[in-house]
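In case you want the letters, here they are:
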Amino acid sequence: MQYGHFDDVNREYVITRPDTPLPWINYLGCEDFFGIISNTAGGYCFYRDARLRRLLRYRYNNVPLDSNGRYLYIKDGATVWNPGWKPTRTPLDKYECRHGLGYTAIRGEKNGIEVRVTYFVPLGDSLELWDVTVCNHSPRARSLSLFGFVEWCLWDAQDDMTNFQRNFSTGQVEVEDGAVFHVTEYRERRNHFAYFACNAKPAGFDTARDAFVGVHEGLDCPRAVLAGRCTNSLAHGWAPVGALQLDFNLKPHASRRCHFLLGYAENREEQKYVRPGVANKAPFRAVAKRFAKSAAVEAARRQLQAHWEKLLGTFQAEVEDPHLARMLNTWNQYQCVATLNLSRSASGYETGIGRGMGYRDSNQDILGVVHLAPQRARERLCDLAATQLSDGTCFHQYQPLTKKGNSDIGGGFNDDPLWLPLAVAAYLKETGDASILKAKVGYADKNQKKATILDHLELSLRYTEHNLGPHGLPLIGHADWNDCLNLNCFSSTPGESFQCAGDIRGSRAESVMIAGLYCAACTEMAGLYEFLGQAEAARAILRRAETMRGAIVKHGWDGGWFLRAYDARGRKIGSRECEEGQIFVESQGWCVLGGVGLNDGRARLALDSVKARLATPNGIVLQQPAYATYHLHLGEISSYPPGYKENAGIFSHNNTWIQIAETMLGNGERAFEYYLSMCPSTKEAQIDTYRAEPYVYAQMTAGRDAPTPGEAKNSWLTGTASWAFVAASQHILGVKPTFKGLCIDPCIPRAWRGFKVRRVFRGKTYHIEVSNLRGVNRGVKKIAVDGEPLSGTVIPPEAGGKEVRVRVELG
Ligand code: BGC
Ligand code: NOJ
């Protein structure tokens, strides 16, 4: 079945039937106010924090999936329908949803009436605009009503879904001039409210869900809509909603345009009320005034468009492969920004209540956005470093609103600290801005001791060195990158968190993956010291990495590949001696990325073992053979049925490390074959199996051991986004920022005749043209920079003018 197609020119994914295999979503907002929106207008929005400041109520895992959202109902005679099909699911004569950069445009047509609506969050504001046009395409005059509908969440999304004995009594609203204000808890400890308004004067409103929908009815048949009239209800407790009714009389072929405003506003404590019991609506009025006219809405849309064009303009490529082109130029970069904004907090799979910002996740997210949002990357790096403790461990997660580490989960994930050096190095290579190293951020437990970012980086390496196990390899703690390899948890209590259970003190369990990551972090740090002119410090760090490489070769090599770990009793994991879980992907990736075995054949052997044992047409599975039963000493990984998630699922994230590793060894064929195998755009061809959005990466595709191989889950918020962009742009196309300048060193399939890249880097725009007339995978024969021959592959920042022409010949 076909559900849609890419519109590459407009950077949109066009969905042509509403009953997609799963809800296919998009994100609205890029600063403080965000929303998720599905192709049937489902979803919710929030201010900064999806848990603590949620505006709209959304019922995850409901039936049908994706219930509740930003609904428009049309009552046209006896027919009630929604332009996005849901929730009435009245069959439409025409339907189209275009997910674009920061906006979603839905168009539905029924019985000659067309409704178009574009949802977006304007830059610099904390609201959604719903720009609506109703057209009468029929030859007769029509009278119809349009109802805009939202259901308020009582701010704390967790409490909202659980604490009904209280919540059914706290809900409060105000209505003024046809605008609905959600003011629950405004009287007491909150200084913020939400609003739902329309620039046209409504014929009626409702704010009590029981009045608008009914108690026994559903959103597919709300009472007020069926009756054709809102009841002007005022909510007292129960479930406050915002419903606005607009009546239209449309001449043949006439149309009407209006827009809804759904937003968040704050007042200073002393300005909360205009008179007792009446909230001060001034912040809303100011916004409503600015967006009184459709022209202002349109201008805001154009501004948003320009914003995205500018961001994406930092990197644009012309390549022969259409999948690579659209992912690199639009969707992959767009997804990188979403992961930067939201980490793993709010998506179709992340409820916004759970995890907040992950330490390792957010550090890795920076790798994919630092070229287009360096300032935001810098801020994020400082926030992250501030959640490191003075002994070097890091809070595994923090809440975006408070920026405080989440003490429920705490630290002790021993890979966490090492991602900071990688991310800071990426920032430095991109910007050349060494001032970040002196920024003082302190430690989470000792804020008065203002440690600098450089102190944090040093501490991160020392943390690993101070936490080595019996083989000289890093102790794993609760888990490393693989959150489910819990070697110290031994959990037999239902419901216990695998990540938190178990005592890691005194444990001997070691991770070969962290060992490789440590070597890579050392290399980055050495480069950083060289950049600072401290050659001796650089050399000292490289020696420390050599020591670790020695330990890996001695104790972390299994003959044909790198071991994965040693368990708490010192037994091997990821070895041919094991019955299940003989080979894992992560340690193959990170040992090669950490420079182990590059010259002695081990790296090649390890990658060939990945190919032979783990590679499938849909990507590389995480390990083999899958664990068939639960193993107390392995933890969550063996809790998943074979083929899903960390238990031999195709975890897209770590596929990218193997792609990079293959380019390091010059195998451009394999690197790109792996790239395409997991590329979402290629999945349109098998979409009924794949099911998830074909325009963004999903965390996981079911592996060959699963009953549903090829089925994807957990789309959008995954570290795959940043790493896939890094792998394709820096390692396959080979346009790579380094401390010393922009390096061009592609590793591509032989059949490519060449490609072009436009890259903005340290204030200059590089127009790079690579030709591969001799049909090689790798090897730069000549580079000319503004016509001048360059020796080596790194273009120093001072070479060339503002617009730099770079011609590269491979051969
Ligand atoms: C998932 C992991 C995830 C972890 C986060 C586990 O259930 O399988 O992918 O990292 O939860 O807490
Ligand atoms: C998803 C988590 O967000 C990430 O931190 C972890 O590395 C992967 N799952 C693998 O377990």
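Everything discussed here concerns the structure shown above.
### Focus: the pairing of strand E4 (residues 33-38)
With six of six residues buried, E4 is to be regarded as a mostly interior element. Burial of the side chains of E4 extends over both faces: Phe 33, Gly 35 and Ile 37 are buried on one face and Phe 34, Ile 36 and Ser 38 on the other. Relative to E4, strand E3 (residues 25-28) runs antiparallel, the two being bridged by four bridges. Note that in E4 the partner of Leu 28 across the bridge is Gly 35. Remark: four residues form the turn of the hairpin made by E3 and E4, two consecutive strands paired antiparallel; Gly 29 in that turn has positive phi of roughly 95 degrees. In this structure, E4 lies alongside strand E5 (residues 43-47), joined through five bridges in antiparallel fashion. From the neighbouring strand, Ile 36 faces E5, where its bridge partner is Tyr 44. Joining the antiparallel neighbours E4 and E5 is a turn of four residues, in which Ala 41 adopts a positive phi near 70 degrees.

### Description of the packing of helix H8 (residues 359-367) against helix H10 (residues 416-431)
A pair of packed helices is captured by two measures, namely the crossing angle of their axes and the spacing between those axes. Closest axis-to-axis distance for the H8/H10 pair is 9 Å, and the angle between their directions is 20 degrees. The angle between the axes of H8 and H10 places the two elements in the roughly parallel class. Between H8 and H10 lies a crossing whose hand is left-handed. Contacts between H8 and H10 involve Tyr 359, Arg 360, Asn 363, Gln 364, Ile 366 and Leu 367 from the former and Asp 416, Pro 417, Trp 419, Leu 420, Leu 422, Ala 423 and Ala 426 from the latter. Of the residues that constitute the contact of H8 with H10, the class distribution is nine nonpolar, two polar and two charged.

### Some thoughts on the pattern of salt bridges
Opposite charge on two side chains allows them to pair when their charged atoms are near. Counted under the stated rule, the structure contains 68 salt bridges. Arg 564 is paired through a salt bridge with Glu 586; the nearest N and O atoms lie 3.2 Å apart. Within this pair, whereas Arg 564 is found in the loop between helix H13 (535-555) and strand E26 (565-566), its partner Glu 586 is found in helix H14 (residues 585-593), the two being separated by 22 residues in sequence. Grouping residues by exposure puts Arg 564 and Glu 586 together as buried. Between Glu 809 and Lys 781 there is a salt bridge whose closest N-O contact spans 3.7 Å. Separated by 28 residues along the polypeptide, Glu 809 in strand E42 (residues 803-810) and Lys 781 in strand E39 (residues 780-785) bring together distant segments of the chain. Taken together, the shared-partner salt bridges connect Asp 7, Glu 12, Glu 96, Arg 98, Arg 107, Glu 114 and Arg 116 into one network.

### Let's talk about the sheet that holds strand E25 (residues 510-511)
Pairing in this open sheet of three strands is antiparallel, and the strands run E25-E26-E27 from one edge to the other. In this open sheet, the two strands that pair with only one neighbour each are E25 and strand E27 (572-573). Two elements, E25 and E26, share two bridges in a ladder whose sense is antiparallel. By the bridge assignment for E26, Glu 510 is matched with Tyr 566.

### Some points on the side chain of Glu 12
Note that Glu 12 resides in strand E2 (residues 12-15). When its relative accessible area of 8% is taken as the criterion, Glu 12 is described as buried. At a separation of 2.4 Å, a polar atom in the side chain of Glu 12 contacts the side chain of Arg 98. Not counting the four nearest positions on each side in its chain, Glu 12 is found in contact with His 5, Phe 6, Asp 7, Arg 98, His 99, Gly 100, Tyr 103 and Trp 331.

### Considerations on the site of ligand 1
For ligand 1, the full set of nearby residues is Arg 355, Asp 483, Cys 484, Gln 499, Glu 636, Tyr 640, Lys 645, Glu 646, Phe 651 and Gln 699. Between ligand 1 and the protein, one listed contact pairs an oxygen atom with a side-chain N or O atom of Tyr 640 at 2.5 Å. Separating an oxygen atom of ligand 1 from a side-chain N or O atom of Glu 646 is a distance of 2.6 Å. Protein contact buries 79% of the 310 Å² of open area that ligand 1 shows by itself. Of the residues belonging to the shell around ligand 1, the class tally is three nonpolar, two polar and five charged.

### Some details on the site of ligand 2
Looking at ligand 2, the residues that line it are Arg 344, Arg 355, Arg 360, Asp 361, Trp 481, Asn 482, Asp 483, Glu 646, Phe 651 and Gln 699. In this structure, Arg 355 approaches ligand 2 through a side-chain N or O atom, which is 2.8 Å from an oxygen atom. Measuring from an oxygen atom of ligand 2, one finds a backbone N or O atom of Asp 483 at 3.0 Å. Protein chains shield 94% of the accessible area of ligand 2, which is 300 Å² for the free molecule.

### Considering unusual backbone geometry
Of note, the amide linkage connecting Val 63 to Pro 64 takes the cis form, showing an omega dihedral of -5 degrees. Its location among the elements puts Pro 64 in the loop between strand E6 (54-56) and strand E7 (71-76). With an omega of -20 degrees, the peptide bond running from Gln 624 to Pro 625 counts as cis. Here Pro 625 is to be found in the loop between strand E31 (623-624) and strand E32 (650-651). If you check the backbone angles, Trp 155 has positive phi at about 75 degrees while not being a glycine. You can see Trp 155 is positioned in strand E13 (residues 142-155).

Reading the values: the criteria
- Residue positions within a chain follow its written sequence, with the count starting from 1.
- A letter from A marks each chain and a number from 1 marks each ligand, given out in the order of writing.
- In view of the model being predicted, local features appear only for residues whose pLDDT reaches at least 70, and side-chain atom pairs are presented and counted only at 80 or more, with totals across whole chains, interfaces and linings using the full set of residues.
- The side-chain values count all of the structure's non-hydrogen atoms but skip hydrogen atoms and water molecules.
- We call a residue buried when its accessible area falls under 20% of the maximum for its residue type, exposed when it is over 50%, and partly exposed in between, using a 1.4 Å probe and counting protein chains only.
- Strands are runs of DSSP state E lasting at least 2 residues, helices are runs of H or I lasting at least 4, and numbering of each runs from the N terminus.
- We treat two strands as partners when DSSP finds at least two bridges between them.
- Axis lines are fitted through C-alpha atoms, for helices just across the contact stretch, and the angle between N-to-C directions can take any value from 0 to 180 degrees.
- Each angle is binned into one of four classes, with values under 35 degrees roughly parallel, values over 145 roughly antiparallel, values of 65 to 115 roughly perpendicular, and all other values oblique.
- Less than a right angle of anticlockwise turn of the near helix away from the far helix marks a crossing as left-handed, whereas a clockwise turn marks it as right-handed.
- Here, two residues are considered to be in contact whenever any of their heavy atoms come within 4.5 Å of each other.
- Residues were grouped as follows: Ala, Val, Leu, Ile, Met, Phe, Trp, Tyr, Cys and Pro as nonpolar; Asp, Glu, Lys and Arg as charged; and all remaining residues, including Gly, as polar.
- Salt bridges, as used here, are contacts in which a Lys or Arg side-chain nitrogen is within 4 Å of a carboxyl oxygen on Asp or Glu.
- In protein, a polar contact requires one atom able to donate a hydrogen and another able to accept it; more generally it is a pair of N or O atoms within 3.5 Å, and residues adjacent in sequence count only if both atoms are side-chain atoms.
- Note on definitions. A residue lies near a molecule or strand when any single heavy atom of the residue is within 4 Å of it.
- Accessible surface area values rest on a Shrake-Rupley calculation with a 1.4 Å probe, where residue burial reflects the displayed protein chains alone.

It is worth stressing that arrangement in space is one thing and function is another; only the former is reported here.
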